[in-house]
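Fold and contact review
Here is how the chains run, residue by residue.
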Amino acid sequence: MGLDPIKLIVLFFMKILSDRINNLPVSATLEMAAKARELKEKGNDIIGLSLGEPDFNTPEFIKEAAIQAVQDNYNSYTPVDGYPALKRSISRKFKRDNNLNYDLNQIVVSTGAKQSIANASMVLLNPGDEVLLPAPYWVSYSAIVTLSEAKSVVIPSSIETDFKITPDQLEKAITSKTKMVIFNSPNNPSGSVYTETEYRELAKVLEKFPKVYIISDEIYEHINYGEPIFSFASITEMYDRTITVNGVAKAFAMTGWRIGYIGAPSWIAKACNKMQGQITSGANCIAQRATIAALDAPVSKIKYMIDEFKNRRKLIISLLEEINGFKLNKPKGAFYVFPDISYYFGKTINSVTIKNSSDFSLFLLEMAHVATVSGDAFGSPNCIRISYAASVQQIKKACSLIKESLSK
Ligand code: GLU
């Protein structure tokens, strides 16, 4: 029996490629979205609940600002760290929504919050440094840490603690090699939100370890169904070592416009500016002008989207709760549910044996034609992520198909 020729070709090219890329996992969220797209193109009726992407159009007032920018001939390179006018809007936004004071030299605009996180990691991490990732964590954190030649150290959590870590867990995970911790609230994928009290307790631990830096990813800030979120950097003792990450993708339905930004100590912002200057230069000029309109507008202008997500959250939770073996928390923010589906591990349905969450997610894709993302990719192997940034009709149909496929 010879070796599979396709595998041989892949192996041949892998030998030429760098270790850096060979050791990098594919983004699970993007991979599942691509798989669903491919099946759709082949004529399958797939319901895509894998990607975290609002299904709304970008609001008109933002589109108008972009059109105006084109008419006004905004076409040249922008400053690497963003237009000063945009940085002024960001500074006002931080003050208005987060009670944070950031001067313009503390702000860097990037091509999406993903690049903001990558910049901050690249400029702070050295080989061998450890980065604490409270699980579940967004898939790209661990990959970005790997690219920065550092090591991810996962702090597990479960549905029993609403997918949040305790101060004790944090303290136990810190070693002499710990350089960074990445917090994300509202969380992708669990939707959990850390309260001010919980964040202050975690900060108390970090006060004992002054060499640990914090990335606070607040990209889901406005998709929040309770109290306004509490920004980690607003804890006085943490301000000087926290990088606050945000962007316009989720709250303003602007995923494809690719604008993210940080507020950080000026020496970190300067380093990110230098890094970005060698990799992408400034973010897209039209998108930057449109972002000024987005951030200058009162938050009430996007409330209709948040209200709609809230309705869909209620709907999807009630429908999933009816399915045998689905254990759910009640997410307080973002637009994902993250059910624990470990009940199905070891079970055989329709002659398919489910060993783990990847098998389960694949089963749902093939049998129910519903695309989800396996919890493995988020460091929580008992769960799957289901995005409810989809229409009510799609949510209803998807839940009914999932239920039907599992009842066989
Ligand atoms: N952040 C979104 C998600 O988790 C978009 C895809 C990505 O960049 O990972 O689905």
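About the thresholds
Residues numbered from 1 in each chain as written. Predicted model: local features only at pLDDT ≥ 70, side-chain atom pairs only at ≥ 80, totals over all residues. Heavy atoms only, no water. Near = heavy atom within 4 Å. Polar contact = N/O pair within 3.5 Å; in protein donor to acceptor, adjacent residues only side chain to side chain. Areas by Shrake-Rupley, 256 points an atom, 1.4 Å probe, with all protein chains shown as cover. Helix = DSSP H or I, 4+ residues; strand = E, 2+ residues; numbered from the N terminus. Expected span 1.5 Å × (residues − 1). Contact = heavy atoms within 4.5 Å. Buried < 20%, exposed > 50% of the residue type's maximum accessible area, 1.4 Å probe, protein only. Pairing = 2+ DSSP bridges. Axes fitted to C-alpha atoms, helices over the stretch in contact; angles between N-to-C directions. Salt bridge = Lys/Arg side-chain N within 4 Å of Asp/Glu carboxyl O. Core = buried A, V, L, I, M, F, W, Y, C linked by side-chain atoms within 4.5 Å.

**A word on the site of the ligand**
The local shell around the ligand consists of T29, L30, L51, G52, K114, W138, N188, K250, Y336 and R385. Contact between the ligand and K114: an oxygen atom at 3.0 Å from a side-chain N or O atom of the residue. Within the side chain of R385, one N or O atom sits 2.8 Å away from an oxygen atom of the ligand. Considering the ligand on its own, with 280 Å² of exposed area, one finds that the protein chains cover 87% of that surface.

**A word on helix α5 (residues 84–98)**
Taking 1.5 Å as the rise per residue, α5 with 15 residues should run 21 Å; its terminal C-alpha atoms sit 20 Å apart, in good agreement. Each element contacted by the buried residues of α5 is listed here: β2 (107–110), β7 (242–247), β8 (260–263) and α11 (285–296).

**Description of the side chain of K87**
Summarising the element assignment, K87 is placed in helix α5. Judged by its relative accessible area of 7%, K87 is buried. Setting aside its immediate chain neighbours within four residues, K87 contacts D81, G82, L104, I107 and V109.

**Description of unusual backbone geometry**
For the peptide bond that leads from A135 to P136, omega is 0 degrees, which places it in the cis range. Within the fold, P136 resides in the loop between β3 (130–134) and α7 (139–147). With omega at 25 degrees, the peptide bond leading from N188 into P189 counts as cis. Note that P189 resides in the loop between β5 (178–184) and α9 (196–207). Look at H369: it is not a glycine, yet its phi comes out positive at around 60 degrees. Tracing the backbone through its elements, the reader meets H369 in the loop between α13 (357–368) and β12 (370–371).

**Concerning the sheet that holds β7**
Here 7 strands make up an open sheet; going across it, the order is β2-β8-β7-β6-β5-β3-β4 and the pairing mixed. Both edges of this open sheet fall to β2 and β4 (151–155), since each of them pairs with a single strand only. Across the sheet, the mean angle separating the axes of adjacent strands is 20 degrees when strand polarity is ignored. Bridging between β2 and β8 involves 4 bridges; their strand directions are antiparallel. Looking at the pairing, V109 lines up with Y261 of β8. Along the sheet face, α5 touches β2, β7 and β8 and points at about 115 degrees away from the line of β2.

**Structural notes on the pairing of β8**
Across the two faces of β8 the burial is the same, with G260 and I262 and Y261 and G263 all buried. Inspection of the sheet shows β7 paired to β8 by 4 bridges, in the antiparallel sense. Looking at β8, one finds that G247 is bridged to G260.

**Considerations on the pattern of salt bridges**
In the structure shown here, the tally under the stated rule is 20 salt bridges. Here E38 ties to K42 by a salt bridge, and the two come within 4.0 Å at their closest N and O atoms. Take E38: its relative accessible area is 45%, and that puts it in the partly exposed class. Residue classification places K42 among the exposed residues on the basis of a relative accessible area of 64%. As a salt-bridge pair, E160 and K327 come within 3.3 Å of each other at their nearest N and O atoms. With E160 in the loop between β4 and α8 (167–173) and K327 in the loop between α12 (303–321) and β9 (336–337), this residue pair connects regions lying 167 residues apart in the sequence. What makes K327 partly exposed here is its relative accessible area of 41%.

**Quick word on the nonpolar core**
Grouped together as the largest cluster of nonpolar side chains are 109 residues, with contacts concentrated most on I243, F252, I316, L320, F326, F360 and L406. Discounting residues that sit within four places of it in the chain, L406 has contacts with I323, F326, Y344, I349, F360 and F363. Grouped together as the second largest cluster of nonpolar side chains are 20 residues, I155, A173, Y199 and V205 included.

Function cannot be read off these values alone, since they describe shape.
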